[in-house]
Amino acid sequence: MRNPINPSRIDFVTLKLFCAVAKAQSITKGAQKCSLALSAASRRMSELEETVGLVLLERSAKGVTLTQAGHTVMQHALRLFQGFEQFSNEIGDYSKGIKGHVRLWANMSALSEFLPSALASFLKLHPQIQVEVEEQLSSDIVKALVDGIADIGVFAEGTPVTGLDTIVIGVDELVIACSKDHPLHKNKNKIVSFKDCLQYDFVGLNRGSALLELTSRHAEKLGERMRLRIQVRSYDAMCKMISANLGIGVMPIQACSAQLQAMDLAAIKIKDSWSVRNLLLATNAGSALSPSSALLVEFLNENCQPKRK
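Trainee: Would you take a moment to explain helix α12 (residues 253-262) for this structure?
Mentor: In an α-helix there are 3.6 residues to a turn, and that puts residues three or four apart on one side. Of the positions making up α12, those classed as buried are A255, C256, Q259 and L260. Down the axis of α12, the buried set is contained in an arc of 110 degrees. They therefore lie on one face. In α12, the exposed positions angled more than 90 degrees off the buried face are occupied by A258, Q261 and A262. Residues of α12 that are buried sit in contact with α5 (108-112), β6 (164-178), α11 (235-243), β10 (249-252) and β11 (266-270). Once α12 finishes, D264 follows within two positions and takes phi at roughly 55 degrees, a positive value.

Trainee: What exactly am I supposed to notice about the nonpolar core here?
Mentor: A general trend in soluble globular proteins is that nonpolar side chains are found buried together. Of all hydrophobic cores here, the largest spans 34 residues; its most connected members are I176, L184, F194 and M251. At the level of elements, β6, α9 (194-197), β8 (201-205), α10 (210-221), α11, β10, α12 and β11 are the ones that each hand at least two residues to this core. In this view, F194 contacts F202, T215, H218, A219, L222, M226, V250, I270, D272 and W274; residues no more than four positions away in its chain are not counted. F114, I152, L296 and F299 belong to the second-largest nonpolar core, a separate cluster that totals 23 residues.

Trainee: Would you take a moment to explain the packing of helix α1 (residues 12-24) against helix α3 (residues 38-52) for this structure?
Mentor: When two helices pack together, their arrangement is captured by the angle between the axes and the distance separating the axes. For the pair α1 and α3, interaxial distance at closest approach is 10 Å and the crossing angle is 100 degrees. It follows that α1 is roughly perpendicular to α3 by the angle criterion. Between α1, through V13, T14, L17, F18 and V21, and α3, the contact on the second element is made entirely by A41, R44, M45 and L48. Looking at the contact of α1 with α3 residue by residue, the class counts come to seven nonpolar, one polar and one charged.

Trainee: What exactly am I supposed to notice about unusual backbone geometry here?
Mentor: With the exception of glycine, most residues fall at negative phi, and the peptide bonds are largely trans. Even without a glycine there, the phi angle at Q25 is positive, about 55 degrees. In this structure, Q25 sits in the loop between α1 and α2 (27-33). Given a relative accessible area of 44%, Q25 falls into the partly exposed group.

About the criteria used
- Residues numbered from 1 in each chain as written.
- Predicted model: local features only at pLDDT ≥ 70, side-chain atom pairs only at ≥ 80, totals over all residues.
- Heavy atoms only, no water.
- Buried < 20%, exposed > 50% of the residue type's maximum accessible area, 1.4 Å probe, protein only.
- Helix = DSSP H or I, 4+ residues; strand = E, 2+ residues; numbered from the N terminus.
- Arc of directions from axis to C-beta.
- Contact = heavy atoms within 4.5 Å.
- Core = buried A, V, L, I, M, F, W, Y, C linked by side-chain atoms within 4.5 Å.
- Axes fitted to C-alpha atoms, helices over the stretch in contact; angles between N-to-C directions.
- Parallel < 35°, antiparallel > 145°, perpendicular 65-115°, else oblique.
- Nonpolar A, V, L, I, M, F, W, Y, C, P; charged D, E, K, R; others polar.

Written out as structure tokens, the structure reads:
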């Protein structure tokens, strides 16, 4: 088994040089970019390869190209630089009088419904805290919490939550969205079973979406498969595709009511019990929250109580 790499033997200057060399496909141009002598740059590249125990650069008369291992090193180097930049920005905030920083990742439903007003109220009470918000898929939010990239996550129930502490913070009611020319609407249905919908083409979110996983799983339980004609990245894009009669879609009515109304789409209730799902507030069970994160969790828990219809 190979010994782990000694981090003390790799410095930021070498990693910055490695990325510059990879981008320019030339050690000479990379050295110039980093204001280093060519001999010093060549030595640093050789020492980096010796440290990791792998060839990272394929050298030729035309320049250099990354090996597969080199691509991996570059990806991790870029993440390190991104993390350092975030570290620098957060530390800089303290010098500006900001005394706390919270990284909040949430799915589209939460960001379209209750989070904006809740965050506005929280920041009015705590102007010294900065909340950095990112919209992400539920599965990515869980991974970010486990990896320590996010402090707090808000996402849909149904995503595995091993290693997380969760609180129910909201409720989503899912409906079938369709054009008013679609048979489901022409039949004057006010409520439909999901099974009856599976005979039609669907517009869905991209793979990794908790909503897509939920609907696909329930279709399989019924012995059917969803006929996904198109997959997109947002509810707005779903509505546009549905408006063009490219299929029907399952979406949260609270998050999408404005788009449905603007595009003159019908929203039909779903009979199945799973059509009402919880939104979860989650944190890493194995890590202590910062005082700022704990304040935000407490505020959201007290002010965003779920309301079932």
